[in-house]
Amino acid sequence: FGGNTSKSSAGNTLTNDLHAWDSSTKTWARLHAGGSSTSLPKGRYLHQAIYDSARDRLVIFGGMFVDFNLGIQEALSDLWAWNFGTGRRLINYGSL
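Just so we're clear, the structure is a prediction, and the values are computed from it rather than from any experiment.

### Regarding the pairing of strand E5 (residues 48-52)
Okay, so step 1: Pairing between E5 and strand E6 (residues 57-67): 5 bridges, direction antiparallel. Each bridged residue has a counterpart across the sheet, and for Gln48 the counterpart in E6 is Phe61.
Okay, so step 2: The hairpin turn running from E5 into E6, its antiparallel successor, is 4 residues long, and Asp56 in that turn takes a positive phi close to 50°.

Next up, the structure:
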């Protein structure tokens with residue numbers, strides 16, 4: 001989930017893309033979280049993500065958001081989850 005598309009500050013774009021690794025085909029597949037851009041997490045980097053095997057979901061916490069054009073930087077403390085079993089979209093559990 002998320003990340004930075006470029007190593008140079010001139011072309012940086014933070015993403016809120018979600019991908020899953022298919023070990024049989026050795027390829028990444030993009031998962032579509034659904035919802036509008038306002039109901040999805042901000043693109044970010046330096047966030048933490050874990051796989052919760054008991055609930056078959058990816059849990060994403062915090063990170064940094066930067067708007068490179070406006071020079072805005074924001075520390076994030078939000079919590080999101082993607083359920084792999086049902087393919088449910090990212091759910092926002094709010095800020096901690």
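### Here's the deal with the pattern of salt bridges
Okay, so step 1: The full count for this structure, using the stated rule, is 5 salt bridges.
Okay, so step 2: Of the charged contacts, one joins Arg30 and Asp17 as a salt bridge, the two residues approaching to 2.9 Å between their closest N and O atoms. With Arg30 in strand E4 (residues 27-31) and Asp17 in the loop between strand E2 (14-15) and strand E3 (18-22), the pair connects residues that are 13 residues apart, well separated along the chain.
Okay, so step 3: Between Lys42 and Glu74 there is a salt bridge; the shortest N-O distance is 2.6 Å. Placement of Lys42 in the loop between E4 and E5 and of Glu74 in strand E7 (residues 72-83) is noted, with a sequence separation of 32 residues between them.
Okay, so step 4: Exposure remark for Lys42: the relative accessible area of 36% places this residue in the partly exposed category.
Okay, so step 5: With relative accessibility at 31%, the residue Glu74 sits in the partly exposed group.
Okay, so step 6: It is possible to trace a salt-bridge network through shared partners that takes in Asp52, Arg55 and Arg57.

### Some words on the side chain of Asp52
Okay, so step 1: Considering the arrangement of structural elements, one finds Asp52 in strand E5.
Okay, so step 2: The exposure class of Asp52 is buried, given its relative accessible area of 13%.
Okay, so step 3: Sequence-distant contacts of Asp52, that is, excluding residues within four places in its chain, are made with Arg57 and Val59.

### Regarding the nonpolar core
Okay, so step 1: Counting 6 residues, the largest nonpolar core consists of Phe1, Leu18, Leu58, Ile60, Trp80 and Trp82.
Okay, so step 2: Within the residue set of this core, elements represented by two or more residues are E6 and E7.

### With respect to unusual backbone geometry
Okay, so step 1: Positioned with a positive phi, Lys26 is a non-glycine residue whose angle comes to about 55°.
Okay, so step 2: If you trace the backbone, Lys26 turns up in the loop between E3 and E4.
Okay, so step 3: For Lys26, a relative accessible area of 61% gives the class exposed.

The rules behind the values
- Residues numbered from 1 in each chain as written.
- Predicted model: local features only at pLDDT ≥ 70, side-chain atom pairs only at ≥ 80, totals over all residues.
- Heavy atoms only, no water.
- Pairing = 2+ DSSP bridges.
- Helix = DSSP H or I, 4+ residues; strand = E, 2+ residues; numbered from the N terminus.
- Salt bridge = Lys/Arg side-chain N within 4 Å of Asp/Glu carboxyl O.
- Buried < 20%, exposed > 50% of the residue type's maximum accessible area, 1.4 Å probe, protein only.
- Contact = heavy atoms within 4.5 Å.
- Core = buried A, V, L, I, M, F, W, Y, C linked by side-chain atoms within 4.5 Å.

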